[in-house]
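Chain by chain, the residues:
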Amino acid sequence: MPVSRLPEPERRPALPPAALSVGGKFFETAGKSLWLNGVSYGPFAPNAAGEPFPAKETLTQDLEHIRSLGFNLLRIYELPTAFLLRETARLGLYLLVGIPWTDHVDFFAEAALTAEIQRNVTDTVRSLQHHDQIAGFLVGNEIEKTLTRWLDPLRVRQFLEDLIERCREAAPERLFAYATYPSTEYLMPRNADFCAANLYLESQVAMDAYLRRLQNLAGNKPLLITEFGLDVRNHGEAAQEETAVWLRDSLLRAGTGGGVWFSYTDEWFRGGRSVRDWQFGLVDAERNPRQVCQTLPNLPTRISAGKTVPKISVVVCTYNGASTLKRCLESLQTLVYPDYEVILIDDGSTDATPDIAAGLPSIRYRRQDHAGLSVARNLGAEIANGEIVAYTDDDCIAHADWLLHLHRAFEDPTCVAAGGPNIPPPPRNRIERVVAAAPGAPAHVLLNDSEAEHLPGCNLAIRKATLQSIGGFRPRFRSAGDDVDICWRLRDTGGKLRFVPGAMVWHHRRFSVGAYLRQQRGYGDAEAHLMKEHPQRFGPLGGARWSGCIYGDNPLVGDPAEGLVFHGTFGNALFQGIYAQANRWMLDWFSGLMWLALAGLALCFQAPLAALALLVSGIIAAVIRQQRLPRPPFPLGLRGKLLLWLLCLAQPLVREWARLRGMIKLSARPSFAPRLGEVFHPTPPTRWTHQGHGTTLKFWSTTGFDRNRWLDRFKAVLTAHYIPFREDDGWRRFDLELWPQWPISPSVISVTEYHGDNRHLTRIRVFFRCAKWLIVTVVGLALLAASPWTSLPLKGVLITPIVVGVLVALALKARLRTLLNESLRSK
C-alpha cells in the first residue's frame, strides 16, 4: 500500500511511558494526572508476515503522525507485535490492548470453549505484563445486546468479572476493564479498574447528558470513552472537525479520564474482508490527512476556566485535626484556578493546628472558641471575599483541578450549590481497608444524573449570597448533619444543587474501628437533630426519606435481572440500562434496633425459636449487606472480610441507638405524611424461570433467515392454531410466552449469531415460566408428603397434583416442539 503525502513528523527521542495507575476519577503516571488522548488503530488485514498490522514502514510512519497530532494513547484490537511495542515505547505512546476472543457467539454453549477463552486471555495478559507502555487491557468489547440477553446479563457480567480477576492475578500491576456500549450499559464489571464505554452520539447535548449518566455508573472510578467518531462519508470533513472540537470540550468538562477517537485511518478489516462503506478516519486509507488533523494538535487536554471566573473562598474548619491538616492545606495551595483564597477556621483546637497555620503564611487563619462545626463554617463564610464559598474538611486532599470543575456548575444561574465525589485514598493497612469498605460513609444523593438532593459537606460549594440569605448553617449541628440541613434548606428556596463528577477530593475515612463507630454514633445523633428540624423528611421508623438515589454504601442499581433492565421488544432497544430501585430491601427489617426489638419481644412471649430465627436472620442480613457493598479495589483477606461483616452488623445498631437517644432527648418525632416523590422504577411482576434447563434448537442459514424472520413465522403459526401468546414487553427475558394466563407457561427466547459471508446461526431455547405461588405450593405439598407424620393415603392425595402438573408440563412442551418444527419446516 502506498504511504505518502503525510507531513514529515518530527523524530522524537526515546521516552518510554511510565506505568499508568488510577487516582480516583483520573489516571496518573509518576504521581501526576494524565488525560488519555487516544485514537484507535485497526483492525487491519494481515501483512506479508501474517501480522494484523500494516507493514513496518507504514506502521512507523503512522505512529509518528499519530504522536504529532497530540495523541498519547493507541487503542488496538489485536495483540501487539514486538515491533509495535518497541515503536510505541520509543514515541512515548501508551497502548490500550483489546484481547480478541469469540465474544460474538454463545461462549457458554460448551464448557471447553469457556475454559479456552479464560486460559487464552490470562496467558495473553501474563505474556505482556512487563510492558509499562500498556495503559490497560480490555477483556472484551461490545458483546452484542441480543446475545447478552440470551446468555443472561448477570451471568455474562460475572464471567467478565471472573476474567478480570484471573488477569489481575497474572498481571497485578496492570489495569483492566471491559468496553461496553449503550445497548448493554449494564455490563460494567464491578471489579474493573476504570469504566470503558464506546459511544457514538452526534449531538453535543445528547453526549453531555449521556456522559453524566456514565459518570454516575462509573462511581469513584475513571471514565474512559474508548470509541467515538463521525462518518466523513455521510457528514463531511467540516463536520468531523467541528465534532472533534466539541467532543474534547464535553469530555473535559464531564471530568472523564480520557477519550479515544475512532479511528486513525479508513483502512479497516473486519469479518474477513475490508470495510469500505464507512469513513471514520482522521486520514483516508491511502494516509491522506483530513482537515481535522490541523485542529487536533491545538485541542486542550485539561479543563480550563470558564468565560467568567468568580472568586472562590475555600474554607477548611478544623478541631484537633493536625494529623491530616497539613497535607490538606498543601493540596489547596497547588490548586489550578486563577482567583481563589484559602481560609482556615480553628474551632478552638488544642493540638498543633496553630503551628501548622503559622508555617503556611498564604493561608488566612482565624481562631474561635470551640463552638462546633456549623459556627466555624459560618465564620468562614462571613470573612470570605469570594462569591462562592467552597467547603472541604481537614482530612481531605483536593485534586489540583477541583475548583476548575466546581466553578463551571455556577455558570447556571439557578445553581446555588455544587459538589463532587469524596473518595477514600489508598489505605495503608488492613484496618483502613476494612473501614474504607464499610457502610455509612458520606454519600451524595441524586435526583437525576446531575441534580442533587444532598451533597456531603467535605466537598460542597455554595453561593455566598444565597447562604447568607437563609441564615447560614444552624449552630445546633456541631459535628455532623449540617450539610444535610443546609442542602434541604437550599432546595426549599427553589435553587438547584449540582453534582460535578470531576470535582473530586480525597477523603480519609476513619483510621480505627473505634473512630469509625464514634463517627456513626455522631451521624445518628445528627439525624435526631435533623428530625427535629425536618420531621416531614423522616419515616415512621426514623430513617431519612430521600426522593433520589443514594450513591455510596449500596450500588445505584442492582443486578441485571429480569424486570430491572429494559431490553426493548425482543432485546432490540438501542439504550438498555438497569432502572433504579428503592434502596430499602426486605432484610433491612432484620438489622438495627428493629431486629433486636423483635428478638426481645419474642423472648418476652416465651418464643425462643422465633427469637433464634430472628437472630439468625440478622446475621444473614449482615452477610447480604456486606455482599451488596461496592467491591473495594483492594484485597481484604479472610480476617478483613470477617471484620467487615462485624461492622455491617454493628453499624446500624450504633447509629440507630444514637438516633433514638437523640429523639428522646430532643422530643423529635418523624412525620407520618405521605412519602416524597421518588425517582424509582416499579419492578414489573416476574415469574420463576430457569433457562439453563431448557431445550435448545438451532439452525444455519445463508439466505438471511434470522431470528426476526423466524419470530414472524412462529407468530403466524401460533395465530393459525388459535394459541394465545404474548410478546416480550421489553422487560422480560423471553421472546414469546404461550398460554400466558396459565400458572405454568412454555416460552421461547432466540438469538442469531453472525459468522461472516452471510452465514447465520439462530438458536432457540424452550423453557417454562411458573407463577411463584405455584412453586411455593408445590414445595409445600412435597414437604408435607415427605413428612413421616403424614399417612400413606394422604401422601397420595398430596402427590397427585404434583404428578398431574408434571404431566401437563410435558404435554405443553411436546405441543410446543410440534409448533416449532412447523415454523422451521420451510425456512
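What counts, and where the lines are drawn
Residues numbered from 1 in each chain as written. Predicted model: local features only at pLDDT ≥ 70, side-chain atom pairs only at ≥ 80, totals over all residues. Heavy atoms only, no water. Core = buried A, V, L, I, M, F, W, Y, C linked by side-chain atoms within 4.5 Å. Buried < 20%, exposed > 50% of the residue type's maximum accessible area, 1.4 Å probe, protein only. Helix = DSSP H or I, 4+ residues; strand = E, 2+ residues; numbered from the N terminus. Contact = heavy atoms within 4.5 Å. Pairing = 2+ DSSP bridges. Axes fitted to C-alpha atoms, helices over the stretch in contact; angles between N-to-C directions. Right-handed = clockwise from strand over helix to strand, strands pointing away. Phe/Tyr/Trp six-rings, centres within 6.5 Å; stacked < 30°, edge-to-face > 60°. Salt bridge = Lys/Arg side-chain N within 4 Å of Asp/Glu carboxyl O. pLDDT = per-residue confidence, 0-100. Polar contact = N/O pair within 3.5 Å; in protein donor to acceptor, adjacent residues only side chain to side chain.

What is the right way to look at the nonpolar core in this model?
One broad rule of soluble globular proteins: the nonpolar side chains tend to lie buried together. Among the nonpolar cores identified, the biggest contains 129 residues, and Leu332 and Trp402 are the most heavily contacted of them. Ranked by residues supplied to this core, first place goes to helix α5 (residues 153-170) with six residues. Setting aside its immediate chain neighbours within four residues, Leu332 contacts Val314, Val316, Tyr340, Val342, Thr392, Ala398 and Trp402. Core analysis: the second largest hydrophobic core is formed by 28 residues, Ile383, Val389, Tyr391 and Leu460 among them.

How should I be thinking about the sheet that holds strand β1 (residues 20-23) in this particular structure?
Paired through backbone hydrogen bonds, the strands of a sheet run either parallel or antiparallel to each other. Strands sit in the order β1-β2-β3 across an open sheet of three strands; the sheet is antiparallel. If you trace the sheet from one side to the other, it starts and ends with β1 and β3 (32-34), each paired once. Adjacent strand axes in the sheet meet at a mean angle of 50°, parallel and antiparallel pairs treated alike.

Would you mind showing me how to read the pairing of strand β5 (residues 73-76) here?
Along a regular strand, successive side chains alternate from one face of the sheet to the other. Neither face of β5 is left uncovered, since the one carrying Leu73 and Arg75 and the one carrying Leu74 and Ile76 both have all their residues buried. Sheet topology places strand β4 (residues 36-41) next to β5; four bridges connect them, and they run parallel. The residue of β5 that forms the bridge with Gly38 is Leu73. One crossover worth recording links β4 to the parallel β5 by way of helix α1 (residues 56-68), and it is right-handed.

What exactly am I supposed to notice about the packing of aromatic side chains here?
Within a pair of aromatic rings, the relevant descriptors are the distance that separates the centres and the angle that separates the planes. Summed over the entire model, instances satisfying the criterion amount to 26 aromatic pairs. Seen in terms of ring centroids, Phe27 and Phe194 are 5.4 Å apart; in terms of plane orientation they differ by 70°. Their pairing is edge-to-face. Placement of the pair is Phe27 in strand β2 (residues 26-29) and Phe194 in the loop between β8 (176-180) and β9 (195-198), with a sequence separation of 167 residues. The exposure class of Phe27 is buried, given its relative accessible area of 1%. By relative accessible area, Phe194 is classed as buried at 3%. Seen in terms of ring centroids, Trp488 and Phe538 are 6.1 Å apart; in terms of plane orientation they differ by 85°. Their pairing is edge-to-face. With a gap of 50 residues between them, Trp488 in helix α15 (residues 482-492) and Phe538 in the loop between α16 (513-533) and β26 (549-551) connect regions that are remote in the sequence. Given a relative accessible area of 0%, Trp488 falls into the buried group. The exposure class of Phe538 is buried, given its relative accessible area of 1%.

Would you take a moment to explain the pattern of salt bridges for this structure?
Oppositely charged side chains may form a pair once their charged atoms are brought near each other. According to the stated counting rule, one finds 42 salt bridges in the structure shown. With its nearest N and O atoms 3.2 Å apart, the salt bridge here joins Glu451 to Arg491. Here Glu451 is found in strand β22 (residues 451-454), whereas its partner Arg491 is found in helix α15, with 40 residues between them in sequence. Across the pair Arg476 and Glu533 runs a salt bridge whose closest N-O atoms are separated by 2.6 Å. Here Glu533 lies in helix α16 and Arg476 lies in the loop between α14 (464-469) and α15, a separation of 57 residues in the sequence.

Help me out: how do you make sense of the sheet that holds strand β25 (residues 505-507) in this one?
Spatial ordering of the open sheet is given by β18-β25-β20, a layout of three strands whose pairing is mixed. Each edge of the open sheet carries a strand with a single partner, namely β18 (396-398) and β20 (422-423). Relative to β25, β18 runs antiparallel, the two sharing three bridges. Across the sheet, the residue bridging to Ile397 is Trp506, located in β25.

In this structure, what is going on with the confidence of the model for the protein? I would like to understand it.
Close reading of the predicted structure is inappropriate where its pLDDT is low. When pLDDT is averaged across the protein, the result is 87; 88% of the residues are at 70 or more. The low-confidence segment residues 1-14, where pLDDT is below 50, has 31 contacts with residues more than four positions distant or belonging to other chains. Taken together, the stretch residues 553-557 has pLDDT below 50 and engages in 17 contacts with residues farther than four places along the chain or on a different chain.

What exactly am I supposed to notice about the pairing of strand β15 (residues 340-346) here?
Taking burial as the measure, the seven residues of β15 include six buried ones, the bulk of the element. Traced from strand β14 (residues 312-318) through helix α9 (residues 322-333) to β15, the parallel crossover comes out right-handed. Taken together, the four bridges between β15 and strand β16 (residues 364-367) define a ladder with parallel strand orientation. Directly across from Asp346, in β16, lies its bridge partner Arg367. With respect to chirality, the unit in which β15 leads through helix α10 (residues 353-358) into the neighbouring parallel β16 is right-handed.

Quick question: what am I supposed to make of the side chain of Arg498 here?
Mapped onto the elements, Arg498 comes out in strand β24 (residues 496-499). A polar atom in the side chain of Arg498 sits 2.9 Å from the side chain of Asp412. Here Ser450 takes part through its side chain, which lies 3.4 Å from a polar atom of the side chain of Arg498. Not counting residues within four places of it along the chain, the set of residues in contact with Arg498 comprises Ala409, Asp412, Thr414, Cys415, Ala417, Ala418, Gly419, Ser450, Glu451 and Leu455.

Just checking my understanding: could you explain the environment of Tyr41 for this structure?
Tracing the sequence through the fold places Tyr41 in strand β4. For Tyr41, a relative accessible area of 1% translates into the label buried. Tyr41 sits 225 residues away from Asp266 along the chain, and the two C-alpha atoms are 9.8 Å apart. Ignoring sequence-local partners within four residues, the contact set of Tyr41 consists of Phe53, Pro54, Leu59, Asp62, Ile66, Leu74, Arg75, Ile76, Tyr77, Tyr264 and Arg287. In terms of polar contacts, Tyr41 uses its side chain to reach the side chain of Asp62, at 2.7 Å.

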